[in-house]
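Summary of structural features
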Amino acid sequence: MQKLLDLYRSWSGSEPLGVERLPGAGSNREYYRFTCADGKTVIGAIGTSRDENHAFIYLTRHFEQCQLSVPKVLAVSDDELRYLQTDLGRVSLFDAIAGGREAGGRYTLKEQTLLKRTIRELPKFQIKGAQGLDFSHCYPQPEFDVNSVLFDLNYFKYCFLKATEIDFHELKLEADFRLFAKDLTSEKGDFFLYRDFQARNVMLDEEDKPYFIDYQGGRRGPFYYDLASFLWQASAKYPHKLRRDLVAEYYDSLKQYIEVPPVRHFVNRLSLFVLFRTIQVLGAYGFRGYFEQKKHFIDSIPPAIQNLRELLELNCFGYPYLMDILRKLTLLPQFARIEQTALSRADGYKITEANPYKAHPQDGPATFSKFDGAGPLVVRVFSFSFRKGIPEDESGNGGGYVFDCRSTHNPGRYEPYKKLTGLDEPVIRFLEDDGEILTFLDNVYRLADAHVRRYIQRGFTSLMFSFGCTGGQHRSVYSAQHLAEHIHERFGVEVRICHREQNITQVLPAK
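Reference entry: report on the structure contained in this document. (Residues numbered from 1 in each chain as written. Predicted model: local features only at pLDDT ≥ 70, side-chain atom pairs only at ≥ 80, totals over all residues. Heavy atoms only, no water.)

What to know about the pairing of strand 12 (residues 462-469)
Buried residues dominate strand 12, accounting for eight of its eight residues. The alternating pattern of strand 12 places Ser462, Met464, Ser466 and Gly468 and Leu463, Phe465, Phe467 and Cys469 on opposite faces, both of which are buried. In terms of strand pairing, strand 10 (residues 378-385) meets strand 12 through eight bridges, oriented parallel. Counted as the bridge partner of Val379 is Leu463 from strand 12. (Buried < 20%, exposed > 50% of the residue type's maximum accessible area, 1.4 Å probe, protein only. Helix = DSSP H or I, 4+ residues; strand = E, 2+ residues; numbered from the N terminus. Pairing = 2+ DSSP bridges.)

Right under this line is the structure:
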């Protein structure tokens, strides 16, 4: 610390007015905030690895020349173990979207905007940042290659898999590891691979412009890696629809810099890197959590296992032995899904979840009518005010479901929300923090899912849901919008939204 103070005095010519040690993260580096005589602040860093510090300093100066959004290096000690950089403030993207994360992945429009703004900057960083970059300065190696992939896969094997005591055949697993590594490195990747691109490593200025930090582990590699790293961050809890939207934003931004691969190829390659990144972080969580006993990493293991479970359900990877081991991993008692199963009723009747009839996808509908097979299904979702009547059904089918939202807490009773709607962030936060609307919608989702699934199966063409409240402004608008997005995300059918009293319409096209 004394040598860092000496570096500050040499740079500024005076003593700092204040020194604040910043909370540590996953690395062994130490960070301090110095308050200067003019009231401005700078960040001082102490690293234990000269090579790692050198990589950060070289990359930062290079990125600054490329006019990328990074901090400036202000001063460096002769041994490169200490340096000063500009202070990008106290608000990271991780902090700014904490509300959506803590709400279980229900991100507000503002939070989604911050994520989209950040992901659109990533291609620029990866492509412009690689131009003229001498990758020999990168730490600990200059390129994403087969050896680096195998290192991470074996890190997972020794630091996580072996700790679970799952029996596995070393040679069979190694064979799949090598095939996996070959596939991951089969495409040329002349891009800057950030390697640790996550919300914690993005800082926001007063205008919410994103700045990038902690890229000292970067190297030459494919651009898919960072996208997978960001969107499948275990603790972020990004819902599937938001992930898809962010992938689309990235893909659209990428077009500005290079000729992009076809969508199908892009998605298939991205899936490989999502699997790799998920395996890789489990290795890191195993070492940092099980061996170093750091709580943050232990807490990150269950959501990472859930990410893995969802990936395996895709059943699109060609490494049979590795897939078998990963499935066994997700079925371990300590990682299993928590499910409640009732064994008996209060009146003494035994109940069971077992069904004597095992359904088959080829069974088709149990009944038939002249409307069967006409498809495709279009779902219409309305919000309305009961004072102005229930929306009319133009299809002639009778109007479908009508849900009354008036049993839930009404933000319209409070002055700050009276001019807002259920699409606005403050109202969304009010409703979700209160929680009544979430319980209400959970029941609606179960009913709607079963109905949509059967209508798709039978090839029906029209289904209607309507949500009413007092003024058709807050609760009904929120509920209608969320059900529409839920159905579109889950089933991929066309959904037409009409917030009648707000004169707002929207179409979510069929996928």
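Points about the sheet that holds strand 11 (residues 401-404)
Read across the sheet, five strands follow the order 11-12-10-13-14 without closing on themselves; strand pairing throughout is mixed. At either end of the open sheet lies a strand with only one pairing partner, and these are strand 11 and strand 14 (504-508). Direction aside, the axes of adjacent strands within the sheet are offset by 15° on average. Against the sheet, helix 14 (residues 436-458) contacts strand 11 and strand 12, and its axis sits at roughly 165° relative to strand 12. Running over the sheet, helix 15 (residues 475-491) touches strand 10, strand 12, strand 13 (494-499) and strand 14 and is turned about 155° from strand 12. (Axes fitted to C-alpha atoms, helices over the stretch in contact; angles between N-to-C directions. Contact = heavy atoms within 4.5 Å.)

Section: the pattern of salt bridges
Under the counting rule described, the total for this entry stands at 34 salt bridges. For Glu15, the salt bridge identified is with Arg9, shortest N-O distance 2.4 Å. Glu15 gets classed as partly exposed once you look at its relative accessible area, which sits at 45%. With a shortest N-O distance of 3.5 Å, Asp190 and Arg220 are connected by a salt bridge. With Asp190 in the loop between helix 7 (170-184) and strand 6 (191-193) and Arg220 in strand 9 (residues 219-221), this pair connects stretches of sequence that are 30 residues apart. A cluster of three or more residues bridged by salt bridges with shared partners is formed by Glu20, Arg33, Asp87 and Arg90. (Salt bridge = Lys/Arg side-chain N within 4 Å of Asp/Glu carboxyl O.)

Notes on the packing of helix 10 (residues 263-291) against helix 12 (residues 320-330)
One way to put it is that helix 10 packs onto helix 12 with a least axis distance of 13 Å and a crossing angle of 55°. Here helix 12 runs oblique to helix 10, going by the angle between their axes. Note that helix 10 runs across helix 12; the crossing there is left-handed. Taking contact as the criterion, the partners of Leu275, Ile279 and Leu282 in helix 10 are, on helix 12, Leu322, Met323, Leu326 and Leu329. Of the residues belonging to the contact of helix 10 with helix 12, the class tally is seven nonpolar, no polar and no charged. (Parallel < 35°, antiparallel > 145°, perpendicular 65-115°, else oblique. Left-handed = near helix turned anticlockwise from the far one by under 90°. Nonpolar A, V, L, I, M, F, W, Y, C, P; charged D, E, K, R; others polar.)

Some details on helix 11 (residues 295-312)
A rise of 1.5 Å per residue sets the reference length of helix 11, with its 18 residues, at 26 Å; its end C-alpha atoms lie 27 Å apart and thus fit the reference within 8%. Ile301 marks where helix 11 bends most, by close to 30°; the proline Pro302 follows one to four residues later. Among all positions of helix 11, only Phe297, Ser300, Ile301, Ala304, Ile305, Asn307, Leu308, Arg309, Leu311 and Leu312 are buried. Taken together, the buried residues of helix 11 touch helix 6 (146-161), helix 9 (240-254), helix 10 and helix 12. (Expected span 1.5 Å × (residues − 1). Bend = angle between axes of the 7 residues up to and from the residue.)

Considering the packing of aromatic side chains
If you walk through the whole model with that rule in mind, you get 45 aromatic pairs. Centroid distance Phe223 to Phe266: 6.3 Å. Interplanar angle 20°. Geometry classified as stacked. Of this pair, Phe223 sits in the loop between strand 9 and helix 8 (224-231) while Phe266 is found in helix 10, placing the two residues 43 residues apart along the sequence. Taken together, the aromatic side chains of Phe56, Phe63, Tyr83, Tyr107, Phe125, Phe192, Tyr194, Phe197, Phe212, Tyr215, Phe230 and Tyr238 make up a single cluster linked through ring pairs. Its guanidinium or amino end placed over the ring of Phe94, Arg101 lies 3.6 Å from that ring's centre, counting from NZ or CZ. Arg406 extends its terminal NZ or CZ atom over the ring of Phe386, reaching a point 3.9 Å from the ring centre. (Phe/Tyr/Trp six-rings, centres within 6.5 Å; stacked < 30°, edge-to-face > 60°. Lys NZ or Arg CZ within 6 Å of the ring centre and 35° of its normal.)

Quick word on the nonpolar core
Among the nonpolar cores identified, the biggest contains 96 residues, and Phe180, Phe192, Phe266, Leu326 and Leu329 are the most heavily contacted of them. At eleven residues, helix 10 tops the list of elements feeding residues into this core. When sequence neighbours within four positions are dropped, the list of residues in contact with Leu329 reads Phe156, Phe160, Leu161, Thr164, Ile166, Leu282, Ile305, Leu308 and Phe335. Formed by 31 residues, the second largest nonpolar core is a distinct cluster that contains Phe403, Ile437, Leu438 and Leu508. (Core = buried A, V, L, I, M, F, W, Y, C linked by side-chain atoms within 4.5 Å.)

Quick look at the sheet that holds strand 2 (residues 30-35)
Either a parallel or an antiparallel arrangement is found when strands of a sheet pair, and the pairing is made through backbone hydrogen bonds. Taken together, the five strands give an open sheet; going across it, the order is 1-2-3-5-4, and neighbouring strands pair in antiparallel fashion. The sheet is open, and its two borders are formed by strand 1 (18-21) and strand 4 (73-76), each paired with just one other strand. Neighbour-to-neighbour, the strand axes of this sheet turn through a mean angle of 25°, independent of strand direction. As judged from the six bridges shared by strand 2 and strand 3 (residues 41-46), these two strands associate in the antiparallel manner. Following the sheet pairing, Tyr31 is matched in strand 3 by Ala45. Its contacts with the sheet put helix 1 (residues 2-12) on strand 1, strand 2, strand 3, strand 4 and strand 5 (82-86), and the angle it makes with strand 5 is roughly 50°. On top of the sheet, helix 2 (residues 50-65) reaches strand 4 and strand 5; it is set at about 145° to strand 4, its chief contact.

Such coordinate-based values are descriptive only and should not be taken to indicate function.
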